[in-house]
Amino acid sequence: MTDKRILIVDDSPTMRQLIAFALKRLPNVEILEANDGVEALKKLSGERFDLIFTDINMPVMDGLKLVGLVRSDPALSAIPIAIISTEGAAEDRERALALGANDYITKPIQATRVFAVARELLGIS
């Protein structure tokens, strides 16, 4: 039985696989994927999600635009969002958090960090 649903948004299939691998240790979690912000919004409009992990740099629609659109939609605004990006500068992190991201992870990712952030944002002890 699935209790929680996580959406991973990244244009890199390898990154999506790495993030999904880190999250598979969570109990009763279903993981879905999207290639970019537009595909993510389509999935978000038709399905329920409990957490979003998104990259910033993607074609079509980037992660920051996705965060802004999710936060401005009353039906989606409560979903926690974690950014995973190569952009490690403090101003990139501050901008993402100001737009409404709940956490910010820089690449290269550590599976333990992704797992810990997911547990925290999903309220799993």
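These numbers come from a predicted model, not from an experiment. (Residues numbered from 1 in each chain as written. Predicted model: local features only at pLDDT ≥ 70, side-chain atom pairs only at ≥ 80, totals over all residues. Heavy atoms only, no water.)

Chemist: An account of the pattern of salt bridges is requested, with residue identities and associated values reported.
Modeler: If you walk through the whole model with that rule in mind, you get 7 salt bridges. For Arg5, the salt bridge is made with Glu47, and the minimal N-O distance between the two is 2.7 Å. Of this pair, Arg5 sits in strand β1 (residues 4-9) while Glu47 sits in the loop between α2 (37-46) and β3 (51-54), and the two are 42 residues apart along the sequence. Between Asp103 and Arg113 there is a salt bridge whose closest N-O contact spans 3.0 Å. Separated by 10 residues along the polypeptide, Asp103 in strand β5 (residues 103-106) and Arg113 in helix α5 (residues 111-122) bring together distant segments of the chain. Relative accessible area serves as the criterion here: at 9%, Asp103 is assigned to the buried category. Here the salt bridges do not stand alone but share partners, grouping Arg5, Glu30 and Glu47 into one network. (Salt bridge = Lys/Arg side-chain N within 4 Å of Asp/Glu carboxyl O. Helix = DSSP H or I, 4+ residues; strand = E, 2+ residues; numbered from the N terminus. Buried < 20%, exposed > 50% of the residue type's maximum accessible area, 1.4 Å probe, protein only.)

Chemist: With reference to specific residues and values, describe α5.
Modeler: Compared with an ideal rise of 1.5 Å per residue, which puts 12 residues at 16 Å, α5 spans 16 Å between its outermost C-alpha atoms and is within 8% of the ideal. Regarding α5, the residues found buried are Val114, Phe115, Val117, Ala118, Leu121 and Leu122. All buried residues of α5 lie within an arc of 165 degrees about the axis, which places them on one face of the element. Facing away from the buried side of α5 by over 90 degrees, the exposed positions are Thr112 and Glu120. (Expected span 1.5 Å × (residues − 1). Arc of directions from axis to C-beta.)

Chemist: Give a description of the nonpolar core that names residues and reports values.
Modeler: Membership of the largest hydrophobic core comes to 22 residues, with the highest contact counts inside it found for Leu7, Val9, Leu44, Ile52, Leu66, Val70 and Ile83. If you list the elements that add at least two residues to this core, you get β1, β2 (29-34), α2, α3 (63-72) and β4 (81-85). For this core, the element with the most residues is α3, which contributes 4 residues. The contact partners of Val70, leaving out residues within four places of it in the chain, are Leu44, Ile52, Leu76, Ser77 and Ile81. (Core = buried A, V, L, I, M, F, W, Y, C linked by side-chain atoms within 4.5 Å. Contact = heavy atoms within 4.5 Å.)

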